[in-house]
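So you can see what is in the structure, the chains are spelled out below.
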Amino acid sequence: MYLNGCWKSNQNGRKKKSNCITLSQISVLFLRQKCLFNIKFYCMKKIRLTTRFAEDVLKGLSSTPKYLSSKYFYDDEGSRIFQKIMQMPEYYLTDCELEIFQKQRQKIYELFALNSKSFDLIELGAGDGIKTAILLEHFVGQDAAFEYMPIDISGEVVSKLTQMMSNRLPSLKINGKTGDYFEMMDAINRYDHCKKVLLFLGSNIGNFNEQEAHSFLVKLHAAMQKNDLLFIGFDLKKDSNVILKAYNDPQGYTAAFNLNLLKRMNRELRADFYLDNFEHEEFYDVATGRAESYLFSLKKQMVNFPDFHRNITFEKGESVFMEMSQKYDLEMINEMAKNSGFEVVRNFHDSRLYYVNSLWKVRTR
Ligand code: AVI
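Just so you know, these numbers come straight off a predicted model, no measurement behind them.

### Looking at the packing of helix 3 (residues 92-112) against helix 4 (residues 130-141)
Okay, so step 1: Direction vectors running N to C along helix 3 and helix 4 enclose 15°, while the axes themselves pass 9 Å from each other. Regarding the angle of helix 3 to helix 4, the classification is roughly parallel. As helix 3 runs across helix 4, the sense of the crossing is right-handed. Along the contact surface, helix 3 presents Thr 94, Glu 97, Leu 98, Phe 101, Gln 102, Arg 105, Ile 108 and Tyr 109, while helix 4 presents Lys 131, Ile 134, Leu 135, His 138 and Phe 139.
Okay, so step 2: Of the residues in the contact of helix 3 with helix 4, the class split is seven nonpolar, three polar and three charged.

Listed below in structure tokens is the structure:
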């Protein structure tokens, strides 16, 4: 194969083009090929993700009743809005978990470090990491030997979090990863050189329906070894007014969070949603503990997806189911643990009994 020839001097000192190539040229060519391959791979991955996104939303919007998946809320803008939600006083979940970590961090540490002082912490859906920082600071102060692996769907979130943690805890080893929980399951599985403690905080589990939550926990269980632990946050059933206020905030962040998915479809799929034509509403069913978010169409309208040759018609008052935030009781938590192969080691409550962080181990019998 002829690869760009190099110039060689002949006996007359005249330069002549030869077919030999130098080592540095080989490495330049290799890097160029590698770079082209990476670009191609990145583009293919992006196309695949966009196609998946398009398929999912078109399927949901063509169903009766219409629905969208809240897993698509978290583009960079959605993740920024969610950080604001977590800081609102009405969104009590953040304060509850903060209180549990602040007041009970020593007991949490003792149980994480039981049998082995060195363990690695893998956080699924790490977000801004403000709550986790309380635990990490404490663990570092106890001279625990550990690495922190935050995983989040948003690359921006992972890099901001890594920056913040490195500033706060310069001695902490951090190995951030971008991807969704299911994609990252393999990485978690391969991570077996030391005891691992998986963190799944913020009641993220509540955004799965019962079947999804079960299969997610079963997958986590399959990726865990005998001594590994799972530390998982659950929002508990409580007075419906408290719950509704957390999801119907006067600042309108939760509405913006939902409407941002329409914006995302306009941007990424060239749809033409007109955001003012939709309104957000939240419902809570005391019996089942399901809080549900909907967008309602304020008029009869048609939304176009020209790249996919599809139009979606919305009737006036028609709903689109956007997100479920399940609220639990201790019996439900025990059942979930048991059905997916775990055993509850201990539950950590906040003082108002609004929330619980439950520590699970792999059941051996
Ligand atoms: C991420 N997840 C636990 C939040 C929740 O409470 O269901 C998402 C959220 N949706 C609206 N506000 C917060």
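Structure shown, so let's carry the discussion forward.
### Considerations on unusual backbone geometry
Okay, so step 1: Going from Thr 64 to Pro 65, the amide bond is cis rather than trans, its omega being -10°.
Okay, so step 2: Along the chain, Pro 65 turns up in the loop between helix 1 (23-62) and strand 3 (66-67).
Okay, so step 3: The phi dihedral of His 309 falls on the positive side, at around 50°, and the residue is not glycine.
Okay, so step 4: Along the chain, the position of His 309 falls in the loop between strand 12 (301-305) and strand 13 (310-314).

### Regarding helix 2 (residues 76-87)
Okay, so step 1: With twelve residues, helix 2 extends 17 Å from end C-alpha to end C-alpha; this agrees with the ideal 16 Å at 1.5 Å per step.
Okay, so step 2: Within the span of helix 2, buried status applies to Gly 78, Ser 79, Ile 81 and Phe 82. All buried residues of helix 2 project into a common sector of 160° when viewed along the axis, lining one side.

### Observations regarding the site of the ligand
Okay, so step 1: Around the ligand, the neighbouring residues are Ile 85, Leu 93, Gly 202, Ser 203, Asn 204, Gly 206, Asn 207, Tyr 247, Thr 254, Phe 257, Glu 323 and Ser 325.
Okay, so step 2: Broken down by secondary-structure element, the contributors of at least two residues to the shell around the ligand are helix 9 (253-269) and strand 14 (319-326).

### Side note on the pairing of strand 14
Okay, so step 1: Pairing of strand 3 with strand 14, which is carried by two bridges, proceeds in the parallel orientation. Paired with Tyr 67 across the two strands is Phe 321, which belongs to strand 14.

### Description of helix 3
Okay, so step 1: For helix 3, spanning 21 residues, the distance from its first C-alpha to its last is only 26 Å, which falls clearly below the expected 30 Å at 1.5 Å a residue.
Okay, so step 2: Along helix 3, the helix axis deviates most sharply at Gln 104, where the bend reaches about 75°.
Okay, so step 3: Of all the residues in helix 3, the buried ones are Leu 93, Thr 94, Cys 96, Glu 97, Ile 100, Phe 101, Ile 108 and Phe 112.

### Thoughts on the confidence of the model for the chain
Okay, so step 1: Looking at the chain as a whole, the pLDDT averages 89, with 87% of positions reaching at least 70.
Okay, so step 2: Predicted confidence is poor over residues 1-18, with pLDDT under 50, and the contacts of this stretch with residues over four places away or in other chains come to 19 contacts.

### So, the sheet that holds strand 10 (residues 278-285)
Okay, so step 1: Across the sheet, which stays open at both edges, the four strands sit in the order 3-14-11-10 with mixed pairing between neighbours. In this open sheet, the two edge strands, each paired with only one partner strand, are strand 3 and strand 10.
Okay, so step 2: Lying on the sheet, helix 8 (residues 240-247) is in contact with strand 10, strand 11 (290-297) and strand 14; it crosses strand 10 at an angle near 155°.
Okay, so step 3: Packed on one face of the sheet, helix 9 meets strand 10, strand 11 and strand 14 and runs near 120° to strand 10.

### Let's talk about the nonpolar core
Okay, so step 1: Ile 122, Leu 198, Leu 199 and Leu 230 are the most contacted members of the largest nonpolar core, which totals 56 residues.
Okay, so step 2: With 23 residues, the next largest nonpolar core counts Tyr 72, Phe 257, Leu 259 and Val 303 among its residues.

### Observations concerning the environment of Ala 145
Okay, so step 1: Residue placement: Ala 145 occurs in the loop between helix 4 and strand 5 (147-152).
Okay, so step 2: Exposure remark for Ala 145: the 13 C-beta atoms within 10 Å place this residue in the partly exposed category.
Okay, so step 3: Along the sequence, Ala 145 and Phe 119 sit 26 residues apart, while their C-alpha atoms lie 6.8 Å from each other.
Okay, so step 4: Beyond its immediate chain neighbours, meaning those up to four positions away, Ala 145 contacts Lys 117 and Ser 118.

### Here we look at the pairing of strand 11
Along a regular strand, successive side chains alternate from one face of the sheet to the other.
Okay, so step 1: Bridge count between strand 10 and strand 11: eight bridges; the pairing is antiparallel. Residue pairing in the sheet places Asp 285 in a bridge with Arg 290 of strand 11.
Okay, so step 2: The antiparallel hairpin formed by strand 10 and strand 11 contains four residues in its connecting segment, where Gly 289 sits at a positive phi of about 80°.
Okay, so step 3: As paired elements, strand 11 and strand 14 share seven bridges and run antiparallel to each other. Residue pairing across strands places Glu 292 opposite Met 324, the latter belonging to strand 14.

What counts, and at which threshold
Per chain, residue numbering runs from 1 following the sequence as it is written. Local features in a predicted model are, by the rule used here, given only for residues with pLDDT of at least 70; side-chain atom pairs are given and counted only at 80 or more, and totals for whole chains, interfaces and linings are based on all residues. An axis is simply a line fitted to the C-alpha atoms; with a helix, the fit covers only the stretch in contact. Between two such axes, the angle follows the N-to-C directions and lies from 0 to 180 degrees. A helix here means a DSSP run of H or I that spans at least four residues, while a strand means a run of E at least two residues long, and both kinds are numbered starting from the N terminus. Here the angle decides the label: under 35 degrees means roughly parallel, over 145 means roughly antiparallel, 65 to 115 means roughly perpendicular, and every other value means oblique. Crossing chirality is assigned from the near helix's rotation relative to the far helix, an anticlockwise turn below a right angle marking it left-handed and a clockwise turn marking it right-handed. A residue pair is marked as a contact if its C-beta atoms, positioned from the backbone, fall within 7 Å. Each residue gets one label: Ala, Val, Leu, Ile, Met, Phe, Trp, Tyr, Cys and Pro are nonpolar, Asp, Glu, Lys and Arg are charged, and the others, such as Gly, are polar. One less than the number of residues in a helix, times 1.5 Å, gives the span that helix is expected to have. Residues are called buried when their C-beta atom has 20 or more other C-beta atoms within 10 Å, exposed when it has 12 or fewer, and partly exposed otherwise; all C-beta atoms are positioned from the backbone. Of all possible arcs, the one meant is that of the directions from the helix axis to the C-beta atoms. We call a residue near a molecule or strand when the C-beta position, derived from backbone atoms, sits within 6 Å of it. A pair of strands is considered paired only if DSSP assigns at least 2 bridges between the two. The bend reported for a residue corresponds to the angle between axes fitted to the seven residues ending at that residue and the seven starting there. Note: pLDDT gives the predictor's confidence per residue, expressed from 0 to 100. Here, a nonpolar core denotes buried Ala, Val, Leu, Ile, Met, Phe, Trp, Tyr and Cys residues that are linked to one another through C-beta atoms within 7 Å.

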